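For reference, the chains in residue letters:
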Amino acid sequence: MPNDNDGRSAPRDVSRRHLFKQVGLAGAAAAVTAAAPGVVTAVAQTAEPVTTAAAPKPQAAMPAMPLAAPRLEALETLTAAEADTLEAIVARLIPSDENGPGATEARAAHYIDRALTGPLRGSRASYAANLAATDVYAQAKKGAPFAKLTAQDQDSVLADMEKNGATGFTPNAAAFFALVRAHTIQGTFCDPYYGGNANFVGWDLIGYPGIRLAVAADEQRMKVRAKPERASAYADAGFAMTGATKGGGHGHRP
């Protein structure tokens, strides 16, 4: 990954703040476009939970509702173990915090898993080998698979990977960290057509109003936030007429 070391000797933060500092609003907004051929992706999903009937119980006061959980779906290429590790990684790269939902709610892992079944399938082997290597290193360094560690220990493992201090990776830990980080950003801020940015949480996070063909004069004023466009670019009739809704020639599908 690009070397942006600011000279500090301590491990670099892999938090949302550090991510946005490096990527910037313009870089994140650029990720809303289609994933380019040759860029790797992968995703984690799980089966729908099974509900069972239970005897009626006295009603109690409803507890405060947490952030909405992402929709659970069947995996397309990842194994259950790989999915657990990847979900845990993306959750720490762009975490849910006081600023709002993160990569988990945006379904960034789903974006990655889905892309690995298409034109990016050449990176499937890298994910298989290096997600396993992540768990092996986490077990050796912290005493448990990555998904079972505390958030603090997960950040420590990711910092080792980013600095290329973690062992057992192919071709090396820093390369895999950069790969997953790039795909997490893509999955969080992409057009929802590609399987990420669920419910437009990524666009809301950076204040991106959505794709539009025209912008009114009052929306161009400084300090005026344009009304969000809650629609994929591929939902536009112009794309339908050109056949872009079938993937734009990149092998993607709704």
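Small disclaimer: the values here were computed from a predicted structure and weren't measured.

Thresholds, definitions, all that
- Residues numbered from 1 in each chain as written.
- Predicted model: local features only at pLDDT ≥ 70, side-chain atom pairs only at ≥ 80, totals over all residues.
- Heavy atoms only, no water.
- Helix = DSSP H or I, 4+ residues; strand = E, 2+ residues; numbered from the N terminus.
- Buried < 20%, exposed > 50% of the residue type's maximum accessible area, 1.4 Å probe, protein only.
- Contact = heavy atoms within 4.5 Å.
- Areas by Shrake-Rupley, 256 points an atom, 1.4 Å probe, with all protein chains shown as cover.
- Axes fitted to C-alpha atoms, helices over the stretch in contact; angles between N-to-C directions.
- Parallel < 35°, antiparallel > 145°, perpendicular 65-115°, else oblique.
- Lys, Arg positive; Asp, Glu negative; His and termini not counted.
- Salt bridge = Lys/Arg side-chain N within 4 Å of Asp/Glu carboxyl O.
- Polar contact = N/O pair within 3.5 Å; in protein donor to acceptor, adjacent residues only side chain to side chain.
- Core = buried A, V, L, I, M, F, W, Y, C linked by side-chain atoms within 4.5 Å.
- pLDDT = per-residue confidence, 0-100.
- Expected span 1.5 Å × (residues − 1).

**Some words on the overall build of the protein chain**
So, point 1. When its secondary structure is counted, the protein chain shows nine helices and zero strands.
So, point 2. Across the protein chain, helices and strands are ordered from the amino to the carboxyl terminus as α-α-α-α-α-α-α-α-α.
So, point 3. For the protein chain, the residues scored as buried account for 42% of the 254 residues in total.
So, point 4. When contacts within the protein chain are restricted to residue pairs at least 6 apart in sequence, long-range pairs at least 24 apart make up 71% of them.
So, point 5. Total accessible area on the protein chain stands at roughly 13700 Å², and carbon and sulfur atoms take up 58% of it.

**Examining unusual backbone geometry**
So, point 1. Look at the link from T170 to P171: it is a cis peptide, with omega at -5°.
So, point 2. With respect to the helices and strands, the residue P171 is situated in the loop between helix 6 (151–162) and helix 7 (173–189).
So, point 3. Non-glycine residue R107 carries a positive phi angle of around 65°.
So, point 4. By secondary structure assignment, the location of R107 is in the loop between helix 3 (103–106) and helix 4 (108–115).

**Overview of helix 4**
So, point 1. Judged by how many residues are buried, helix 4 sits mostly within the fold: eight of eight residues are covered.
So, point 2. Taken residue by residue, helix 4 has A108, A109, H110, Y111, I112, D113, R114 and A115 as its buried positions.
So, point 3. Contacts from the buried residues of helix 4 go to helix 2 (80–93), helix 3, helix 5 (124–142) and helix 7.

**Comments concerning the packing of helix 2 against helix 7**
Two quantities define a packed helix pair, namely the angle between the axes and the distance from one axis to the other.
So, point 1. Two elements in contact, helix 2 and helix 7, have axes whose closest approach is 10 Å; the angle formed by their N-to-C orientations is 75°. Comparing their axes, helix 7 and helix 2 come out roughly perpendicular. Residues L86, I89, V90 and L93 of helix 2 touch helix 7, and the partners they reach there are F177, V180, R181 and T184.

**As for the side chain of R114**
So, point 1. For R114, the position within the fold is in helix 4.
So, point 2. Buried charged residue R114 carries no salt bridge. Nearest counter-charge: E76, at 5.3 Å.
So, point 3. Here the side chain of R114 touches Y193 through a polar contact of 2.8 Å, landing on its backbone oxygen.

**Focus on the nonpolar core**
So, point 1. Within the largest apolar cluster, 39 residues are counted, with the highest numbers of intra-cluster contacts made by L86, Y127, M161, F169 and F176.
So, point 2. The set of elements that each furnish at least two residues to this core consists of helix 2, helix 4, helix 5, helix 6, helix 7 and helix 8 (201–206).
So, point 3. Broken down by element, this core gets its largest block of residues, seven residues, from helix 7.

**Some thoughts on the confidence of the model for the protein chain**
So, point 1. Of all residues in the protein chain, 63% attain a pLDDT of 70 or more, and the chain-wide mean is 74.
So, point 2. The least confident element of the protein chain, judged by mean pLDDT, is helix 1 (residues 16–30) at 47; the most confident is helix 6 at 98.
So, point 3. In the predicted structure, residues 21–70 sits below a pLDDT of 50 and forms 101 contacts with residues beyond four places in sequence or in another chain.
So, point 4. Counting contacts from residues 244–254, a segment whose pLDDT is below 50, to residues more than four positions away or on other chains yields 25 contacts.

**Things to note about the environment of A74**
So, point 1. Position of A74 among the secondary structure elements: in the loop between helix 1 and helix 2.
So, point 2. For A74, a relative accessible area of 57% gives the class exposed.
So, point 3. Between the C-alpha atom of A74 and that of H110, which follows or precedes it by 36 residues, the distance is 9.5 Å.

**Focus: helix 2**
So, point 1. With 14 residues, helix 2 extends 20 Å from end C-alpha to end C-alpha; this agrees with the ideal 20 Å at 1.5 Å per step.
So, point 2. Every buried residue of helix 2 is accounted for by E82, A83, T85, L86, A88, I89, V90, R92 and L93.

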